[in-house]
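# Architecture at a glance
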Amino acid sequence: MIDYIKGSIAELNPAFAVIDNHGVGYMMNISLSTYDVLSRVGKEDTLLYVYEAIREDAHLLYGFANKKEREAFLLLISVSGVGPNIARMILSSMSVDEFSQAIASSNVAMFKSVKGVGGKTAQRIIVDLKDKIKLADDSLLHQTGQVTGESFDEALAALVMLGFSQQASQKVLKSLFSSHPGLTVEQAIKQALKMM
């Protein structure tokens, strides 16, 4: 499975981006949020996180400017009746933070305002993701402010791979990063292991 593709932007429009990686152009469907990020950064050394949709009739790539957006996308496509294109439309219509808040506050109207999402689908998204979004929400808090999102995410992933529960790991890391915002991933993991 492809985790990310790094290269230069060969083509960019609001629906897709083509990333040139050593002479191979990878066409990835993107959201407007990712388009906005890509249009502001340089064309060289661009990195997009990837989701591969492999079907009988097509092999599609979806690109995301950050892991948070990909997490939200994966949550959305786990809901019955929500395919990759509807998930992309939702993430084009709202930021990841707005998406999380809409789930947390059961804002059916916000989802219904997205083209292709009806009342039943909006309710299903909220019901199915209400419990799951809490975990994503916790890590979303670390994108801004004192806490560095990527360091937090990497440390969290490492602790989970070592066999610690996600909730316990998040709690310890939140405490560490709040009191020591400049921690490296390695320092965070070492200190967290002493606290687990």
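Residues numbered from 1 in each chain as written. Predicted model: local features only at pLDDT ≥ 70, side-chain atom pairs only at ≥ 80, totals over all residues. Heavy atoms only, no water.

On to the confidence of the model for the protein, then. Predicted confidence across the protein gives a mean pLDDT of 85, with 92% of residues reaching 70 or more. Predicted confidence in the protein is weakest over helix H7 (residues 132–140), with a mean pLDDT of 54, and strongest over strand S3 (residues 24–29), with 96. Low pLDDT (under 50) marks residues 135–148, which in the prediction has 32 contacts with non-local residues, meaning those over four places away or in another chain. (pLDDT = per-residue confidence, 0-100. Helix = DSSP H or I, 4+ residues; strand = E, 2+ residues; numbered from the N terminus. Contact = heavy atoms within 4.5 Å.)

So, about the nonpolar core. The biggest cluster of nonpolar side chains holds 27 residues, and the ones touching the most others in it are Leu 76, Ile 90, Phe 99, Ile 103, Phe 111, Ile 125 and Leu 129. Looking at this core, the elements that each hand over two or more residues are strand S4 (46–54), strand S5 (59–64), helix H2 (67–77), helix H3 (84–93), helix H4 (96–104) and helix H6 (119–129). The next biggest cluster of nonpolar side chains, apart from the first, holds 13 residues, and it includes Ala 155, Val 172, Phe 177 and Ala 188. (Core = buried A, V, L, I, M, F, W, Y, C linked by side-chain atoms within 4.5 Å. Buried < 20%, exposed > 50% of the residue type's maximum accessible area, 1.4 Å probe, protein only.)

By the burial criterion, the buried members of H2 are Lys 68, Glu 69, Arg 70, Ala 72, Phe 73, Leu 75 and Leu 76. Between the side-chain oxygen at the start of H2 and the backbone nitrogen of Lys 68 there is a gap of 3.2 Å, and the oxygen is on Asn 66. (Polar contact = N/O pair within 3.5 Å; in protein donor to acceptor, adjacent residues only side chain to side chain.)

A few words now on the packing of helix H9 (residues 166–179) against helix H10 (residues 185–195). At a minimum axis distance of 10 Å, the contact between H9 and H10 shows a crossing angle of 125°. When the axis of H9 is compared with that of H10, the two are oblique. For the pair H9 and H10, the sense of crossing is right-handed. Of the residues in H10, those touching H9 at Val 172, Leu 173, Ser 175, Leu 176 and Phe 177 are Ala 188, Gln 191, Ala 192 and Met 195. Considered class by class, the residues forming the contact of H9 with H10 number seven nonpolar, two polar and no charged. (Axes fitted to C-alpha atoms, helices over the stretch in contact; angles between N-to-C directions. Parallel < 35°, antiparallel > 145°, perpendicular 65-115°, else oblique. Left-handed = near helix turned anticlockwise from the far one by under 90°. Nonpolar A, V, L, I, M, F, W, Y, C, P; charged D, E, K, R; others polar.)

Another point: the packing of aromatic side chains. In the structure shown here, the tally under the stated rule is seven aromatic pairs. Relative to Phe 73, the ring of Phe 64 has its centre 4.9 Å away and its plane inclined at 55°; by these criteria the two rings are tilted. Judged by its relative accessible area of 4%, Phe 64 falls in the buried class. Looking at Phe 73, the relative accessible area reads 0%, which means it is buried. Clustering of aromatic rings is evident, with ring pairs tying together Tyr 51, Tyr 62, Phe 64 and Phe 73. (Phe/Tyr/Trp six-rings, centres within 6.5 Å; stacked < 30°, edge-to-face > 60°.)

The element S4 is extensively covered by neighbouring structure, given that seven of its nine residues are classed as buried. Bridge count between strand S1 (residues 4–12) and S4: four bridges; the pairing is antiparallel. Bridge assignment links Lys 6 to a residue of S4, and that residue is Leu 47. With six bridges joining them, S4 and S5 adopt antiparallel strand pairing. Across the sheet, Tyr 49 pairs through a bridge with Phe 64, a residue of S5. In this antiparallel pair of consecutive strands, S4 and S5, the connection spans four residues. (Pairing = 2+ DSSP bridges.)

A word on the pattern of salt bridges. For the structure shown, the criterion picks out five salt bridges. Across the pair Asp 3 and Arg 70 runs a salt bridge, and its minimum N-O distance is 2.8 Å. Remark: Arg 70 occurs in helix H2 and Asp 3 occurs in the segment before S1; sequence separation between them is 67 residues. Here Asp 3 falls in the partly exposed class, since its relative accessible area comes to 36%. Arg 40 is the salt-bridge partner of Asp 36, the closest N and O atoms lying 3.1 Å from each other. Of this pair, Asp 36 and Arg 40 both sit in helix H1 (residues 32–40), four residues apart, roughly one helical turn. It is possible to trace a salt-bridge network through shared partners that takes in Lys 68, Glu 71 and Asp 153. (Salt bridge = Lys/Arg side-chain N within 4 Å of Asp/Glu carboxyl O.)

Our focus in this paragraph is the pairing of S1. Here four bridges tie S1 to strand S2 (residues 16–21), and the two strands are oriented antiparallel to one another. Along S2, the bridge assignment pairs Leu 12 with Ala 17.

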